[in-house]
Amino acid sequence: MTTYLVTELAERLADPARVVATTDAPGNALRMDTRDATLWSPAGLSDGHPALALLYAELSVDDPGLREQVHAHLRAALASTAPPAGGGLFGGIAAVAFAAHAAAEEAGGYQGMLAQLDEAVSRECRALAARDRARIADGLPIGGWSGYDVTSGIAGVGRHLLARHRSTGNPLVLNALEEVLATLVDIAVADDVEIQGQRVPAWWNHHDTAGITDEDSGHLNFGMAHGVTGPLALLALARQAGVTVARHDEAMLRILSLMRKWRLDDESGPFWPYSVTLDGPSPSGRYREVWCYGAAGIGRALFLAGTALGDEEWCETAHRALRGAFDIAFAGDSPIRDFGLCHGWAGLLQIASRMSFGTGDEYYAETADELAAQLEKAYDPEAPFGFRYDYPGSVRPLDRPGFLEGTAGIALALHTHATGEPPVTGWDAPLLIG
């Protein structure tokens, strides 16, 4: 059933024009305070052509005929409005770069384009790293999660650079990667800063570009998407790949110290708050146990860190956190109502698959089977892309084709499960779980 479903989903995403027309259809939008927000960003990795190129790159390993779909979606991405400066791995030029890198991993090609993109991404990343290191050197907090996080900051782009370094050995890429790692180290080992009379870690941030204000004093974030565990995962993966900078291990240990300080426990095991404000953990209980926030994504980051450092205690904490997250996901009152990678079943499936590959633990393999069955059961043949999403801020149930919250990401997770092997293209690198 899983292989059939992946094929069915891939067929629905093959035609770039049809995908765009369906996604941009009237009413297929998130309702914001004053406007409807479009779901489609042509050159973006989350909801754009690079996401679909990523799917066909992985599938074409076994079916070379699908290379044409890779080319079609990459051409469409390049023909769209140029990605803006910054934007991280999901919204900037690195989005197209990562999709092209994945496409070239197994079958080659795109070398001229990738050489240009390596130069552009490296140049931009060094500039962003210099900006953030200057803030820390001035005794300021990082200020906004777009400075360091996985989706919009240097941690995500750093994971792309690590993949490119391992693939090419390009000194330009390695230099930019080391700048990213050094920046994350600087934030991690910096002295605490003062916010409204309280001493807080330099990771203190605000989710908006407006930054910390008197009205919103900011927070310390723990989620994999926007919190300290994304940088922790990158530092761990870089260490395992033999790429380290000064005080690398110290930075990892400082982040782990924060995780130890703010750890909470209940009958299901250890977990961490969504964030910590000046008033304490917020919320005080569990939020949702998925990739972007909660013990599933955090547990995977802790496992990578424990493995990189050879620390069995942190590996065991990771296992307990992950098992608790999976148990809660299958509970009758589970808060998960989504199917995608970001905050849904597909993200849990890919984490379980990665844990199964890395440990050989039958528990994770069985959990992956259950999660795949959950997605298969949710498949809706009447939906243009096979799944629909009922968001509180949407006009109607939404059709989403993309990576983080769409069908391409679901199909990739199901494909990984069906093959029983890690992705050949490394498509899940943007999630920082491997």
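Placed above this text is the structure.
Residues numbered from 1 in each chain as written. Predicted model: local features only at pLDDT ≥ 70, side-chain atom pairs only at ≥ 80, totals over all residues. Heavy atoms only, no water.

**Re the pattern of salt bridges**
Condition: When a carboxyl oxygen of Asp or Glu lies within 4 Å of a side-chain nitrogen of Lys or Arg, that pair is called a salt bridge. Think of it in three bands: residues with accessible area under 20% of the maximum for their type are buried, residues over 50% are exposed, and the middle band is partly exposed, with areas taken using a 1.4 Å probe on protein chains only.
Counted according to the given criterion, the structure contains 19 salt bridges. Residues Arg263 and Asp265 are paired through a salt bridge, measuring 3.0 Å at the closest nitrogen-oxygen approach. Residue Asp265 is classed as partly exposed on the basis of its relative accessible area of 45%. One continuous salt-bridge network, built from bridges that share partners, spans Asp47, Arg400 and Glu405.

**A closer look at unusual backbone geometry**
Only a minority of non-glycine residues have a phi that is not negative, and only a minority of peptide bonds are not trans. Defined as follows: Where helices and strands are cited, they refer to DSSP runs of H or I of at least four residues and of E of at least two residues respectively, numbered from the N terminus.
We note that Gln196 has phi near 50°; this positive angle belongs to a residue other than glycine. Looking at the secondary structure, you find Gln196 in the loop between strand S4 (193-195) and strand S5 (198-200). At Leu432, a residue that is not glycine, the phi angle is positive and equals roughly 60°. Along the chain, Leu432 falls in the segment after helix H16 (407-419).

**Remarks on the packing of helix H6 (residues 93-107) against helix H7 (residues 111-137)**
Stated precisely, the cut-off is as follows: What counts as an axis is a line fitted to C-alpha atoms, over the stretch in contact for a helix, and the angles between N-to-C directions run from 0 to 180 degrees. Put simply, angles under 35 degrees are roughly parallel, angles over 145 are roughly antiparallel, angles from 65 to 115 are roughly perpendicular, and the rest are oblique. Here a crossing is taken to be left-handed if its near helix is turned anticlockwise relative to the far helix by less than a right angle, and right-handed if that turn runs clockwise. We call two residues in contact when some of their heavy atoms are within 4.5 Å. When residues are grouped by polarity, Ala, Val, Leu, Ile, Met, Phe, Trp, Tyr, Cys and Pro land in nonpolar, Asp, Glu, Lys and Arg in charged, and all others, Gly among them, in polar.
In the contact formed by H6 and H7, the axes pass within 10 Å of each other and the chain directions differ by 140°. What the angle tells us is that H6 and H7 run oblique. You can see that H6 and H7 cross each other, and the crossing is left-handed. Across the interface between the two elements, Ile93, Ala94, Val96, Ala97, Ala100, His101 and Ala104 of H6 pack against Gln111, Met113, Leu114, Leu117, Ala120, Val121 and Glu124 of H7. Split by residue class, the contact of H6 with H7 holds eleven nonpolar, two polar and one charged.

**Focus: the packing of aromatic side chains**
The relative placement of two aromatic rings is captured by the distance of their centres and the angle of their planes. We count it as follows: Put simply, two rings from Phe, Tyr or Trp (the six-membered ring, in Trp's case) pair if the centres are within 6.5 Å, and we call them stacked under 30 degrees between planes, edge-to-face over 60, tilted for the rest.
This model, assessed by the stated rule, comprises eleven aromatic pairs. Consider the rings of Phe326 and Tyr364, whose centres lie 6.4 Å apart with planes at 75°: the pair is edge-to-face. Here Tyr364 lies in helix H15 (residues 362-378) and Phe326 lies in helix H13 (residues 312-329), a separation of 38 residues in the sequence. Residue class for Phe326 comes out buried when judged on its relative accessible area of 1%. Cluster of aromatic residues (ring-pair linked, three or more members): Phe339, Tyr379, Phe387, Tyr389 and Tyr391.

**A word on the layout of surface pockets**
We count it as follows: Put plainly, a pocket is an open set of points on a 1 Å grid over the protein atoms alone with protein on both sides within 12 Å along at least five of seven lines, a cavity is a set where a 1.4 Å probe fits but cannot get out, and a lining residue has an atom within 4 Å of a point. Grid points are joined across faces, edges and corners, and a volume is the space filled by probe spheres set on the points.
By volume, the second largest pocket is sized at about 310 Å³. If you go around the second largest pocket, you meet 23 residues; those closest to its centre are Asp192, Val200, Pro201, Leu258 and Lys261. Broken down by secondary-structure element, the contributors of at least two residues to the lining of the second largest pocket are helix H9 (171-189), S5, helix H11 (248-261) and strand S10 (275-277). The dominant element in the lining of the second largest pocket, judged by the number of residues it contributes, is H11, at five residues. Its residues assigned to classes, the lining of the second largest pocket comprises 14 nonpolar, four polar and five charged.

**Description of the sheet that holds S10**
Test applied: When DSSP locates at least two bridges between a pair of strands, those strands are taken to pair.
Judged by pairing direction, the sheet is antiparallel, and its three strands sit side by side in the order S7-S10-S11 without closing on themselves. Here the strands that pair on one side only, and so sit at the sheet edges, are strand S7 (220-221) and strand S11 (280-282). Summarising the sheet, S7 and S10 pair through two bridges and their orientation is antiparallel. Residue pairing in the sheet places Leu220 in a bridge with Val276 of S10.

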